[in-house]
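The residues making up each chain are set out below.
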Amino acid sequence: MTTIFHNPRCSKSRQTLQLLEENGIHPEVRLYLQNTPSIEDIKTLLEQLAITPVELMRTKEAIYKELGLNKDSTDEERLQAMHTNPILIERPIVIHNNKAKVGRPPEAVLTLFK
């Protein structure tokens, strides 16, 4: 099964979903802003992506600074922030066969299907 963490207001997310569908891949669409991932879900994503919490964060979002997050924030603080404010999670993320890729650029996700 394939899943996309999708924000329909994001052009890269829309492009990634369209690219998948053009390649015959019809993922389960998880609207993660409404269906907020748990901290455990985020930890699983980090493992599947093989990245750290800071690498998954949208550090230019206003809420990042409003929460007082910075380069010295702990992983636990970052995980809690992404759980409470999922807009901080980079998007889109495609998960396939227990591996994941961020769709930036959208074509990057196609490596999951080779």
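See the structure printed just above.
### Some thoughts on helix H5 (residues 75–84)
Okay, so step 1: Of all the residues in H5, the buried ones are Arg78, Leu79, Ala81 and Met82. Across the axial projection of H5, the buried residues extend over an arc of 165°, all falling on one side.
Okay, so step 2: Among the structural elements, helix H2 (39–49), helix H3 (53–56) and helix H4 (62–66) are those in contact with the buried residues of H5.

### Observations regarding the nonpolar core
Okay, so step 1: Grouped together as the largest cluster of nonpolar side chains are 20 residues, with contacts concentrated most on Ile42, Leu56, Met57, Met82, Leu88, Ile89 and Ile93.
Okay, so step 2: Those elements that provide at least two residues to this core are H2, H4, H5, strand S3 (93–96) and strand S4 (99–102).
Okay, so step 3: Apart from residues lying up to four places away in sequence, Met57 is in contact with Tyr64, Leu69, Arg78, Ala81, Met82 and Leu88.

### Describing the side chain of His96
Okay, so step 1: Within the element layout of this structure, His96 appears in strand S3.
Okay, so step 2: Exposure remark for His96: the relative accessible area of 15% places this residue in the buried category.
Okay, so step 3: Separated by 3.3 Å, the side chains of His96 and Asn97 make a polar contact.
Okay, so step 4: Residue contacts for His96: discarding those within four places in its chain leaves Met1, Thr2, Leu112 and Phe113.

### What about the pattern of salt bridges?
Should the charged atoms of two oppositely charged side chains come close, the side chains can pair.
Okay, so step 1: The full count for this structure, using the stated rule, is six salt bridges.
Okay, so step 2: In this structure, Glu40 engages Lys43 in a salt bridge whose closest nitrogen and oxygen atoms are separated by 3.8 Å. Here Glu40 pairs with Lys43, and both are found in helix H2, just three residues apart, close to one helical turn.
Okay, so step 3: Judged by relative accessible area, which is 29%, Lys43 ranks as partly exposed.
Okay, so step 4: Note that Arg104 and Glu90 form a salt bridge whose closest N and O atoms lie 2.8 Å from each other. Of this pair, Arg104 sits in the segment after S4 while Glu90 sits in the loop between H5 and S3; the two residues are 14 residues apart in sequence, bridging distant segments of the chain.
Okay, so step 5: Judged by relative accessible area, which is 36%, Arg104 ranks as partly exposed.
Okay, so step 6: For Glu90, a relative accessible area of 16% translates into the label buried.
Okay, so step 7: Through salt bridges with shared partners, a single ionic network connects Arg58, Glu61, Glu90 and Arg104.

### Looking at the sheet that holds S3
Picture the strands of a sheet paired through backbone hydrogen bonds; they go either parallel or antiparallel.
Okay, so step 1: Spatially, four strands are ordered S2-S1-S3-S4 in an open sheet, and the strand pairing comes out mixed. The open sheet has two edge strands, strand S2 (28–30) and S4, and neither has a second partner. On average, each strand axis in the sheet is inclined to that of its neighbour by 20°, with strand direction left out of account.
Okay, so step 2: Summarising the sheet, S3 and S4 pair through four bridges and their orientation is antiparallel. Looking at the pairing, Ile93 lines up with Val102 of S4.
Okay, so step 3: Here helix H1 (residues 11–22) sits on the sheet in contact with strand S1 (2–5), S2 and S3, set at roughly 165° to S1.
Okay, so step 4: Those strands touched by H2 are S1, S2, S3 and S4, and its axis lies near 85° from that of S4.

About the cut-offs
- Residues numbered from 1 in each chain as written.
- Predicted model: local features only at pLDDT ≥ 70, side-chain atom pairs only at ≥ 80, totals over all residues.
- Heavy atoms only, no water.
- Buried < 20%, exposed > 50% of the residue type's maximum accessible area, 1.4 Å probe, protein only.
- Helix = DSSP H or I, 4+ residues; strand = E, 2+ residues; numbered from the N terminus.
- Arc of directions from axis to C-beta.
- Contact = heavy atoms within 4.5 Å.
- Core = buried A, V, L, I, M, F, W, Y, C linked by side-chain atoms within 4.5 Å.
- Polar contact = N/O pair within 3.5 Å; in protein donor to acceptor, adjacent residues only side chain to side chain.
- Salt bridge = Lys/Arg side-chain N within 4 Å of Asp/Glu carboxyl O.
- Pairing = 2+ DSSP bridges.
- Axes fitted to C-alpha atoms, helices over the stretch in contact; angles between N-to-C directions.

The analysis is restricted to geometry; functional conclusions fall outside its scope.
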